[in-house]
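Structural features, examined
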Amino acid sequence: MNVDEPNEVRNGEELDINSLRSHLCQHLSHNEELTVSQFPSGFSNLTYLLNFGTNEYVLRRPPFGANIKSGHDMSREYRFLTALSEPFKKVPKPVLFCDDESVIGAPFYLMERVKGVILRGHLTDEARPSVDSMQAIAEASISTLVELHKIDIVGNALENLGKPEGYVSRQVSGWSERYRKAQTDAISEMDEIAIWLEKNQPTESGSSLIHNDFKYDNLVLNPHDTSNVIAVLDWEMATIGDPLMDLGTTLGYWVEANDPQALKELNLSPSHWPGNPNRMQVAEKYASLTGADLRHLVFYYVQGLFKIAVIVQQIYYRFQKGHTKDPRFSNLIHAVKGFGRLASQAIKKNKISELGS
């Protein structure tokens, strides 16, 4: 498997290179040529590679057309990386934060580039890991999630970056509200799921640092040993909260081979490739490493699915309004419906795996 490399910048997502170079020359004490390319994946914050002379940096900025004040908080993501650099070594080193929107039209930050392998769902059959390698990568990803949840947050800057009390309730009501604001189509399953989540939410299982977007394409693997996770990326939704809610989000991204076709085509995670455990096996492995109580696992999984569906719905809403022109977004409503259908099946069958298409 090859080291993850960027492509040309997508149409409509270009940066003002002259303005950016001027800002970087001023704050990084360089005075060199700047070239910009873009990493191809992701549906939320945009990620670019900057070649600034002999230096390589990764730039993160909000998507075009997004409500920056209600989400996509670059300063918060930058603060998380800064606070994590000591207790959790598997994060890129933050370099620079800029809140001056006149530079590229939005706040942004720079971090070091961590070169490695990133598993993306669009890889060809020939480029995919072997069954044994995939199994080892899956185990390493679960272990990394556990490692993250076990970080001691007491007495450091992380402690003040979230409000764990009432976290589950806020998530349930918050994502329901976001769905209503971004809704474009009548999807009965989504309405029913929102009601079910409100009625079936458990109390908090505990509190820890949680990533809230933990999936394969946010993990950088050692190119010489892909069973070794060397960095975790995309901390825009990280906070302090219930670790089982974080597990639920990971399970929501964990597509199985017999899940709806629209979800597999979305390529959110290559978790349906041979060698991967199913969702229940992921949860059981997590519980064996943490002692977690899985009695309310269906709730956490359904909440994870609902949250991801709302994120996809928000992106589709921006596309419908003309705020983004990325052609990948034109059919996202089918994915929203697929997530809703899968969540309904989980509720009806009271399980999280082998739910059928």
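So, here's what we can say about the structure. (Residues numbered from 1 in each chain as written. Predicted model: local features only at pLDDT ≥ 70, side-chain atom pairs only at ≥ 80, totals over all residues. Heavy atoms only, no water.)

**A closer look at the overall build of the protein**
Here is the rule: Strands here are runs of E lasting at least two residues and helices are runs of H or I lasting at least four, both read from the DSSP assignment and numbered beginning at the N terminus. Residue exposure (1.4 Å probe, protein chains only): buried if accessible area is under 20% of the type maximum, exposed if over 50%, otherwise partly exposed. By the convention used here, residues are in contact when the closest approach between their heavy atoms is within 4.5 Å. Charged residues are defined narrowly, with Lys and Arg counted positive, Asp and Glu counted negative, and His plus the chain ends left uncounted. All charge positions are set by atom: Lys at NZ, Arg at CZ, Asp at CG, Glu at CD.
Secondary structure assignment for the protein yields 10 helices and nine strands. If you line up the protein on its principal axes, its C-alpha atoms span 60 × 50 × 45 Å. Each of the 357 residues in the protein was classed as buried or not, and the buried ones make up 55%. Within the protein, contacts between residues at least 6 apart in sequence are counted, and of these 73% link residues at least 24 apart. Of the charged side chains in the protein, 36 are positive and 45 negative, and the gap between their average positions amounts to 4 Å.

**Observations concerning the environment of Ala83**
Topologically, Ala83 is positioned in helix α2 (residues 74–84). Apart from residues lying up to four places away in sequence, Ala83 is in contact with Ala157, Leu158 and Leu161.

**Some points on helix α8 (residues 279–290)**
For the record, the criterion: An expected span of 1.5 Å times one less than the residue number is assigned to each helix. Arc definition: directions from the helix axis to the C-beta atoms. Polar contact is defined as a pair of N or O atoms within 3.5 Å, subject to the rule that within protein one atom must be able to donate a hydrogen and the other to accept it, and that residues adjacent in sequence are counted only when both atoms are side-chain atoms.
The terminal C-alpha atoms of α8, which comprises 12 residues, lie 17 Å apart, in line with the 16 Å expected from a rise of 1.5 Å per residue. Residues of α8 that are buried include every one of Arg279, Val282, Ala283, Tyr286 and Ala287, and no others. The buried residues of α8 occupy an angular sector of 130 degrees when the element is viewed end-on, so they sit on one face. Of the surrounding secondary structure, the elements contacted by the buried residues of α8 are α3 (131–149), α6 (243–253), α9 (297–320) and α10 (332–349). Looking at where α8 begins, the residue whose side-chain oxygen comes 3.1 Å from the main-chain nitrogen of Met280 is Asn278. Downstream of α8 by a residue or two, Gly291 has a phi angle that is positive, lying close to 75 degrees.

**Concerning the packing of helix α5 (residues 188–200) against α9**
Two packed helices can be described by the angle between their axes and the distance between those axes. To keep it simple, the criterion reads: Inter-axis angles, ranging from 0 to 180 degrees, are taken between N-to-C directions of lines fitted to C-alpha atoms, where helices are fitted over the stretch in contact. Orientation labels follow simple angle bins: below 35 degrees gives roughly parallel, above 145 gives roughly antiparallel, 65 to 115 gives roughly perpendicular, and whatever is left gives oblique. Note on convention: near helix rotated counterclockwise from far helix by under a right angle means a left-handed crossing. Clockwise means right-handed. Side-chain classes are defined by residue name, with Ala, Val, Leu, Ile, Met, Phe, Trp, Tyr, Cys and Pro counting as nonpolar, Asp, Glu, Lys and Arg as charged, and the others, Gly among them, as polar.
Look at α5 against α9: their axes get within 10 Å of each other, and the N-to-C directions meet at 140 degrees. When the axis of α5 is compared with that of α9, the two are oblique. Crossing of α5 against α9: the hand is left-handed. Counting all contacts with α5, which are made through Met190, Ile193, Ala194, Trp196, Leu197 and Asn200, the residues of α9 involved are Val298, Phe299, Val302, Gln303, Phe306, Ala309 and Val310. Class assignment for the residues of the contact of α5 with α9 results in 11 nonpolar, two polar and no charged.

**Points about unusual backbone geometry**
Although it is not a glycine, Asp234 sits at a positive phi angle of roughly 60 degrees. Along the polypeptide, Asp234 turns up in the loop between β8 (225–232) and β9 (239–241). Notably, Asn350 is not glycine yet its phi reads approximately 55 degrees, a positive angle. Note that Asn350 resides in the segment after α10. Assessed through its relative accessible area of 59%, Asn350 is described here as exposed.

**Some details on the pattern of salt bridges**
Counted only if it meets this: By salt bridge we mean one thing: a side-chain nitrogen of Lys or Arg within 4 Å of a carboxyl oxygen of Asp or Glu.
By the definition in use, this model includes 15 salt bridges. Where Glu56 meets Lys115, a salt bridge forms, and the shortest distance between an N and an O atom there is 3.8 Å. With a gap of 59 residues between them, Glu56 in strand β3 (residues 55–61) and Lys115 in the loop between β5 (108–112) and α3 connect regions that are remote in the sequence. Judged by relative accessible area, Glu56 falls into the partly exposed class, the value being 28%. Residue Lys115 is classed as partly exposed on the basis of its relative accessible area of 48%. Residue Glu147 pairs with Lys90 through a salt bridge whose shortest N-O separation is 3.0 Å. Here Glu147, found in helix α3, pairs with Lys90, found in the loop between α2 and β4 (94–98); they are 57 residues apart in sequence, far enough to count as distant. Residue classification places Lys90 among the buried residues on the basis of a relative accessible area of 18%. Connected via shared salt-bridge partners are Glu5, Glu56, Arg113 and Lys115.

**Let's talk about the side chain of Asn276**
Within the secondary structure layout, Asn276 lies in the loop between α7 (261–266) and α8. When its relative accessible area of 16% is taken as the criterion, Asn276 is described as buried. Among the polar contacts made by the side chain of Asn276, one reaches the side chain of Tyr216 at a distance of 2.7 Å. In terms of polar contacts, Asn276 uses its side chain to reach the backbone carbonyl oxygen of Ser271, at 3.3 Å. Discounting residues that sit within four places of it in the chain, Asn276 has contacts with Met134, Ala138, Tyr216, Trp254, Pro270 and Ser271.

**Details of the packing of aromatic side chains**
To keep it simple, the criterion reads: Only Phe, Tyr and Trp rings are paired, with Trp represented by its six-membered ring, and only when their centres lie within 6.5 Å; those with planes under 30 degrees apart are stacked, over 60 edge-to-face, the remainder tilted.
The final tally for this structure, using the stated rule, is seven aromatic pairs. Between the aromatic rings of Tyr78 and Phe97, the centroid separation amounts to 5.9 Å while the plane-to-plane angle is 35 degrees, which identifies the pairing as tilted. With a gap of 19 residues between them, Tyr78 in helix α2 and Phe97 in strand β4 connect regions that are remote in the sequence. Using a relative accessible area of 18% as the deciding quantity, one classes Tyr78 as buried.

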